[in-house]
Amino acid sequence: MSAAALDALRALLGPRGVLTEPDEMASYETGARYDRGRALAVLRPADTAQVSGAVAICVRHGLHLIAQSGNTGLVAGSTPDDSGTQVVLSLDRVTGVFSADIDNRSLTVGAGHRLSEVNRRLAADGLFFPIDLGADPGIGGMIATNTGGARFLRYGDVRANVLGLTVVLADGAGTVLDLGGPLYKNNTGVDWKQLFIGTCGAFGIVTKAVLKLHRLPRDQAAAILVPASGEAVLSLLRAMEERLGPELSAFEGMSGNAIRAALDHVPSLGNPFGGAVPDYAILAEISRARPARGDEANAEDLLQEVLADIMETEPDLLADARFGALERTWSLRHALSEGVKNAGRLIAFDLAFRRGDIMRFCDRMKAEMPARFPGVTICDFGHIGDGGVHFNLVVAPDNALATDPARECALRDWVFDVTVREFGGSFSAEHGIGRKNQRWYDLYTPDTQRRLATALHRATASAPHLPPRLGAVSFE
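Within any chain, residue numbers begin from 1 and follow the written order of that chain's sequence. Predicted model: local features are reported for residues with pLDDT of at least 70 only, side-chain atom pairs are reported and counted for 80 or more only, and whole-chain, interface and lining totals are derived from all residues. No hydrogens and no water enter the side-chain calculation; it runs on all heavy atoms of the structure.

## Description of the overall build of the protein
Move 1: Helix and strand content of the protein: 15 helices and 19 strands.
Move 2: Along the longest, intermediate and shortest principal axes, the C-alpha atoms of the protein span 75 × 55 × 45 Å.
Move 3: Expressed as a percentage of the 476 residues in the protein, the buried residues total 55%.
Move 4: A sequence separation of at least 24 residues applies to 73% of the contacts in the protein between residues at least 6 apart.
Move 5: The protein chains shown are the only cover counted for residues, whose accessible areas, like all others here, come from Shrake-Rupley with a 1.4 Å probe. When the accessible surface of the protein is split by element, carbon and sulfur atoms take 50% of a total near 19600 Å².
Move 6: The distance from the centre of the 48 positive side-chain charges to the centre of the 57 negative ones in the protein is 4 Å. Helix and strand definitions follow DSSP, with helices as H or I runs of at least four residues and strands as E runs of at least two, each counted in order from the N terminus. For the exposure calls, accessible area comes from a 1.4 Å probe over protein chains only, and a residue counts as buried if that area is under 20% of its type's maximum, exposed if over 50%, partly exposed in between. We call two residues in contact when some of their heavy atoms are within 4.5 Å. Charged residues are defined here as Lys and Arg on the positive side and Asp and Glu on the negative side; His and the ends of the chain fall outside this count. One atom stands in for each charge, and that atom is NZ of Lys, CZ of Arg, CG of Asp or CD of Glu.

Written out as structure tokens, the structure reads:
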């Protein structure tokens, strides 16, 4: 970095806003899963104006920016590569705005706020932002990757819960755009904010958002279900949807391998089955934003009645149901990711399918994986209610898949090819593109869409040194 650029950034951001020492930058260079790079510097602007100024300086001096929110992403989109030439722009200090409009049920919030803090501060007013995750990301990164989460079935993804955005474009002026606001309805032209939701920061950096809020549930219950067979899973989901409608807030699939990994990693969870872990289980939750009225059954009684009715009238669907405290039941689901990660070397996929294809895909993988790639343990889990699957593979540290990048790439090529070409699925349901998925974005995205993305990128950035493709400016 030139002395002129560094001096300008320090003058703009102050002593806390520019990090250049290795020990100061280490946490910003290290991702949530395996990825690690080297940054030229880390910038920590405190508000939209400082983000704008920092972007403008970097563009004018030809510096490649990596925008970073909570740094919880899993596709190497929020960390620099190992060249030592990229500048990380962190949003962790963009937290000065937090204004809840209780009557409008909306929140105007800086992009650096963490999800946990947002919901902690909203709880006193009986509201929350309903994206449920095992990680604790920043709001900006959630918007850039259009996060879904475990309660997508009830509340939708981030896109469905964003009313407005403030973004900074990657041009020489650091242009600031205010897109939308607290209105729920505004059909007066192009909804430009959608360009910045789920596109990984390729078109600009989100610095502020207006979020749609929901009432906190006041009556909830959950159970861990054992389907009678893999073929019964979707029929069980339909049966519960028919009986519960929108009160069914989660339907999360968990393979036996993933459950065992979680129990091994966190023994205090306790085995909810009391003995052998089944091959597959489902966490089902119902919730209401109000308490039961009069003689109406509360959520726990209602869930038990519905499951009893299914077992009686459709006995081929459900083999067992285990009830327990809500938080304890969810603690097993939230422990799956870390449990699988600690079981060995993890090769993770974030896939999406039509709901009816999820179990067929998993069965296909279980049948063919051992011969194609020996030594792989399949530890899948995910959002059966919305078609999302975290297809996690665990191998021993000395397996060729863990030591040979070409071998791992061949595995990913095969899994993604089956996913996209044979099942019509997505190779990235929630996690975005980043460096890790760029190869398959280039492979599977039609030329017409890639040309459109290139044109949009050129329209929102004036920096020729940034490659004109999705993922060029990474943001998670």
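## Brief notes about the nonpolar core
Move 1: For the purposes of this section, nonpolar cores are sets of buried Ala, Val, Leu, Ile, Met, Phe, Trp, Tyr and Cys residues that join through side-chain atoms within 4.5 Å. Core analysis: the largest hydrophobic core is formed by 57 residues, its most contacted members being Leu225, Met240, Phe361, Met369, Phe391, Leu411 and Val415.
Move 2: The element contributing the most residues to this core is helix H7 (residues 232-244), with seven residues.
Move 3: In this structure Phe391 touches Ile347, Ala348, Phe349, Leu351, Phe361, Met365, Met369, Ile378, Asp380 and Val415, once residues within four positions along its chain are discounted.
Move 4: If you look at the next biggest cluster of nonpolar residues, it comprises 27 residues, including Leu122, Ile139, Val162 and Leu211.

## Remarks on the sheet that holds strand E1 (residues 18-19)
Move 1: Here we have four strands laid out as an open sheet, ordered E1-E2-E4-E3, and mixed in their pairing. The sheet terminates laterally at E1 and strand E3 (64-68), the two strands that pair on one side only.
Move 2: As defined by bridge partners, E3 adjoins strand E4 (residues 86-90) across five bridges and the pair is classed as parallel. Note on E4: the bridge partner recorded for Leu65 is Val87.
Move 3: For every element, the axis is a line fit to its C-alpha atoms; helices are fit only across the contacting stretch, and the angle between N-to-C directions ranges from 0 to 180 degrees. In the packing of helix H2 (residues 22-29) onto the sheet, contacts are made with E1, strand E2 (39-43), E3 and E4, and the angle to E2 comes to roughly 85 degrees. Paired strands, in this sense, are two strands between which DSSP finds at least two bridges.

## Overview of the confidence of the model for the protein
Segments scoring low in pLDDT should not have their predicted coordinates read at a detailed level.
Move 1: With 97% of its residues at a pLDDT of at least 70, the protein reaches an overall mean of 93.
Move 2: A residue's pLDDT is simply how confident the predictor is in it, with values from 0 to 100. This stretch, residues 463-476, has a pLDDT under 50; its non-local contacts, to residues over four places away or in other chains, come to 63 contacts.

## Some details on unusual backbone geometry
Move 1: A positive phi angle, close to 55 degrees, is found at Arg105, a residue other than glycine.
Move 2: In this fold, Arg105 is placed in the loop between strand E5 (98-101) and strand E6 (106-110).
Move 3: With relative accessibility at 31%, the residue Arg105 sits in the partly exposed group.
Move 4: Positive phi, normally seen in glycine, also occurs at Cys200, with a value near 60 degrees.
Move 5: Mapped onto the fold, Cys200 is located in the loop between strand E9 (176-180) and strand E10 (205-212).
Move 6: Its relative accessible area of 4% is what places Cys200 among the buried residues.

## Section: the packing of helix H11 (residues 358-372) against helix H13 (residues 405-422)
Move 1: Running from N to C, H11 and H13 point in directions that differ by 150 degrees, and their axes come no closer than 12 Å. Here H11 is positioned roughly antiparallel relative to H13, judged by the angle of their axes. Seen along the crossing, H11 lies across H13 with a hand that is right-handed. Taken together, the residues of H13 that come into contact with H11 (itself represented by Phe361, Arg364, Met365, Glu368, Met369 and Arg372) are Arg407, Leu411, Trp414, Val415, Val418, Thr419 and Glu422.
Move 2: Looking at the contact of H11 with H13, its residues break down into seven nonpolar, one polar and five charged. Oblique is the label for any angle not under 35 degrees, not over 145, and not in the 65 to 115 range, which are roughly parallel, roughly antiparallel and roughly perpendicular in turn. The sense of a crossing depends on the near helix, which, turned anticlockwise from the far helix by less than a right angle, makes the crossing left-handed and, turned clockwise, makes it right-handed. When residue character is reported, Ala, Val, Leu, Ile, Met, Phe, Trp, Tyr, Cys and Pro are called nonpolar, Asp, Glu, Lys and Arg charged, and the others, Gly included, polar.

## Re H11
Move 1: Taking 1.5 Å per residue as the helical rise, H11 with its 15 residues ought to reach 21 Å, and the 20 Å between its terminal C-alpha atoms agrees with that figure.
Move 2: Where H11 is concerned, the buried positions are Ile358, Met359, Phe361, Cys362, Met365 and Met369.
Move 3: Residues of H11 that are buried in the fold lie against H7, strand E14 (280-288), strand E16 (345-352), strand E17 (377-378), strand E19 (388-395) and H13. A helix is expected to span 1.5 Å for every residue after the first.

## Some words on the sheet that holds E10
Strands belonging to one sheet form pairs held by backbone hydrogen bonds; the direction of such a pair is parallel or antiparallel.
Move 1: The antiparallel open sheet is built from five strands, whose spatial order is E5-E6-E10-E8-E9. Strands with a single pairing partner mark the edges of an open sheet, and in this sheet they are E5 and E9. Direction aside, neighbouring strands of the sheet carry axes that sit 10 degrees apart on average.
Move 2: Across the sheet, helix H3 (residues 48-60) lies against strand E8 (162-168), E9 and E10, angled at about 40 degrees from E8, the strand it touches most.
Move 3: Contacting E5 and E6, helix H4 (residues 115-122) runs over the sheet at an angle of about 45 degrees to E5.

## Comments concerning the layout of surface pockets
Move 1: Only protein atoms enter the 1 Å grid used here. Points where a 1.4 Å probe fits but cannot escape make up a cavity, open sets with protein on both sides within 12 Å along at least five of seven lines make up a pocket, and a residue lines them when an atom lies within 4 Å of a point. Grid points are joined across faces, edges and corners, and a volume is the space filled by probe spheres set on the points. Roughly 770 Å³ of internal volume is contained in the largest pocket.
Move 2: Together, 36 residues line the largest pocket, and Leu74, Gly134, Ala135, Ser337 and His431 are the ones closest to its centre.
Move 3: At the level of secondary structure, the elements contributing two or more residues to the lining of the largest pocket comprise helix H5 (139-145), helix H10 (326-341), E16, strand E18 (381-383) and E19.
Move 4: Counting residues per element, the lining of the largest pocket draws most heavily on H10, which supplies six residues.
Move 5: Residue composition of the lining of the largest pocket, by class: twelve nonpolar, 17 polar and seven charged.
Move 6: Looking at the second largest pocket, its volume works out to about 520 Å³.
Move 7: Looking at the lining of the second largest pocket, the elements with two or more residues in it are H4 and H10.
Move 8: Here the element with the most residues in the lining of the second largest pocket is H10; it accounts for five residues.

## Details of the pattern of salt bridges
Move 1: Put simply, a salt bridge is a Lys or Arg side-chain nitrogen that is within 4 Å of an Asp or Glu carboxyl oxygen. Within this structure, the stated rule accounts for 24 salt bridges.
Move 2: Two residues, Glu117 and Arg121, come together in a salt bridge whose shortest N-O distance is 3.3 Å. A residue pair is termed a helical-turn pair when its members lie 3 or 4 positions apart in one helix, as Glu117 and Arg121 do in helix H4 at four residues.
Move 3: Note on Arg121: relative accessible area 37%, which makes it partly exposed.
Move 4: Of the charged contacts in the structure, one is a salt bridge between Asp442 and Arg450, with a shortest N-O distance of 3.9 Å.
Move 5: Sharing partners across several salt bridges, the network here consists of Asp219, Glu247, Arg288, Arg290 and Glu296.

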